[in-house]
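# Working through the structure, step by step
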Amino acid sequence: MSIPCDCHMHTRFSADGQASLEEMCEAAIQHGLREICFTEHVDWLPWDETRDHFDASAYVPAARRCAEAYAGRLAVRTGLEISEPHLAAGRIQDLLRAWPFDFVLGSAHWIDQSGVYLSRLYPLHPAEHVEREYFHRVLELAETGEFDSLAHLDLVRRYRPSELGPLDTLAHAEAIRAVLETVVARDKAIEINTSPLRRGLASTCPDLTVLRWYRELGGEKVTVGSDAHAPDQVGTGFDVALELLRAARFSRVVRFEQRRPVWVEV
C-alpha cells in the first residue's frame, strides 16, 4: 500500500510557488499519485510583504479548469493554506463563503508582529524563546482558527539552526500535547509534512513521538503533504510518512472534499 494523495502543494498562485498548476499535476501523475490538493498561501497579516499576492478570483477558476482537464487521470482538489487564521477570522469567513474550497490547512509562520519571519528569528532570540513562543501561537491557532488540518505543527523543527542540533520534542511535550488535545477536542486533523526530509533532516513535521501522542489522545485524522513548491518536490518523502503512520498504528489517512473528510486506507 502507499499514500495516494498529496494534500499540501503550491503553484505560482502562491507568492513562493515555482510552477503552474499543470506542471504540478504532471509531476503527481509521474509520481504515481491518484489525487492532489492545491493549498495556495493566504497570507493576510499586515506585516507580511506577500499579503496582496493571493487572488481567489483567478485561482479558483484555474483550478477548476485543471480538474476538468485531468479528470480520469488525477483527481484535483482546490484548497488553501491560511497563515494564522485566528488573526483574520472575519476576512477568512468571507473568503470561504464566497468560494467553494475542498480543504483548508491552518499554519503558524510568525511568533510576533515584528515582521520577522520564523526562520529569521533564531539569530535574534534564544532558541528556547523562539520555540516556546511558537508553540504558544500554534495553540492559539488550534483553539480558535478556521482549518481542517493543522499544518506542520512543529515548523520550528525545519528552521532550527543545525549547530543547535535537532528539535527536542520531549522538551516541548507539555505545549505540544496541549495543541494535540485541542485538535482532538475540535475534531480536526493534523498533517504529516515531509518537507524537512528534503532539507536533510531526519524527521518529518511532526515526528513519530508526536504522532504517537496524538494517537494516544484519541486523534484519528491525519493528512499527508509534501509542501511542494516545485514539480520535483511533489509526493517526496511519502515512503517515510507511511512508515511513521504504521509505527504510530494508523491504518488510514484522510483527505477532504468540500471540507468533508474522506478516509483512505494505506
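### Focus on the nonpolar core
If you look at the biggest cluster of nonpolar residues, it comprises 76 residues, and the most contacted ones within it are I36, F38, L80, L118, Y134 and L245. The element best represented in this core is helix α4 (residues 127-144), accounting for eight residues. With sequence-adjacent residues up to four places away left out, F38 is seen in contact with M9, T11, L21, M24, C25, Y59, C66, V76, R77, T78, G79 and L80. If you look at the next biggest cluster of nonpolar residues, it comprises nine residues, including C5, C7, V254 and F256.

### Notes on the pattern of salt bridges
Inspection of every chain in the model, using the stated rule, returns 16 salt bridges. Residue R132 pairs with E128 through a salt bridge whose shortest N-O separation is 3.9 Å. Residue R132 and its partner E128 are both found in helix α4; the two are separated by four residues, about one turn of the helix. For R259, the salt bridge identified is with D148, shortest N-O distance 2.7 Å. Here D148 lies in the loop between α4 and β5 (149-150) and R259 lies in the loop between β8 (252-257) and β9 (260-265), a separation of 111 residues in the sequence. The class of D148 is buried, set by a relative accessible area of 7%. Salt bridges sharing partners connect three or more residues here, namely E35, R77, R255 and E257.

### Looking at the environment of Q258
With respect to the helices and strands, the residue Q258 is situated in the loop between β8 and β9. For Q258, a relative accessible area of 56% translates into the label exposed. Spatially, the C-alpha atoms of Q258 and F103 are 6.8 Å apart, while their sequence positions differ by 155 residues. Discounting chain neighbours no more than four positions away, the residues touching Q258 are F101 and D102.

### Here we look at the packing of helix α1 (residues 21-30) against helix α2 (residues 56-69)
Put simply, α1 and α2 touch, their axes get as near as 10 Å, and they point 35° apart. Where α1 crosses over α2, the handedness of that crossing is right-handed. For the pair α1 and α2, the contacting residues are L21, E22 and C25 in the first and A62, A63 and C66 in the second. Of the residues contributing to the contact of α1 with α2, the split by class is five nonpolar, no polar and one charged.

### Some remarks on the packing of aromatic side chains
Within the structure shown, the criterion is met by nine aromatic pairs. Relative to Y59, the ring of F54 has its centre 5.9 Å away and its plane inclined at 65°; by these criteria the two rings are edge-to-face. Using a relative accessible area of 0% as the deciding quantity, one classes Y59 as buried. Taken together, a centroid distance of 6.2 Å and an interplanar angle of 25° make the contact between Y214 and F250 stacked. Here F250 lies in the loop between α9 (238-247) and β8 and Y214 lies in helix α8 (residues 208-216), a separation of 36 residues in the sequence. An aromatic cluster is present here, built from F13, F54, Y59 and F101 joined pairwise through their rings. For R91, the ring lying beneath its charged end belongs to W44, and the centroid distance is 4.0 Å. Directly above the aromatic system of F147 lies the positively charged group of K188, at a separation of 5.6 Å from the ring centroid.

Cut-offs applied
- Residues numbered from 1 in each chain as written.
- Predicted model: local features only at pLDDT ≥ 70, side-chain atom pairs only at ≥ 80, totals over all residues.
- Heavy atoms only, no water.
- Core = buried A, V, L, I, M, F, W, Y, C linked by side-chain atoms within 4.5 Å.
- Buried < 20%, exposed > 50% of the residue type's maximum accessible area, 1.4 Å probe, protein only.
- Helix = DSSP H or I, 4+ residues; strand = E, 2+ residues; numbered from the N terminus.
- Contact = heavy atoms within 4.5 Å.
- Salt bridge = Lys/Arg side-chain N within 4 Å of Asp/Glu carboxyl O.
- Axes fitted to C-alpha atoms, helices over the stretch in contact; angles between N-to-C directions.
- Left-handed = near helix turned anticlockwise from the far one by under 90°.
- Nonpolar A, V, L, I, M, F, W, Y, C, P; charged D, E, K, R; others polar.
- Phe/Tyr/Trp six-rings, centres within 6.5 Å; stacked < 30°, edge-to-face > 60°.
- Lys NZ or Arg CZ within 6 Å of the ring centre and 35° of its normal.

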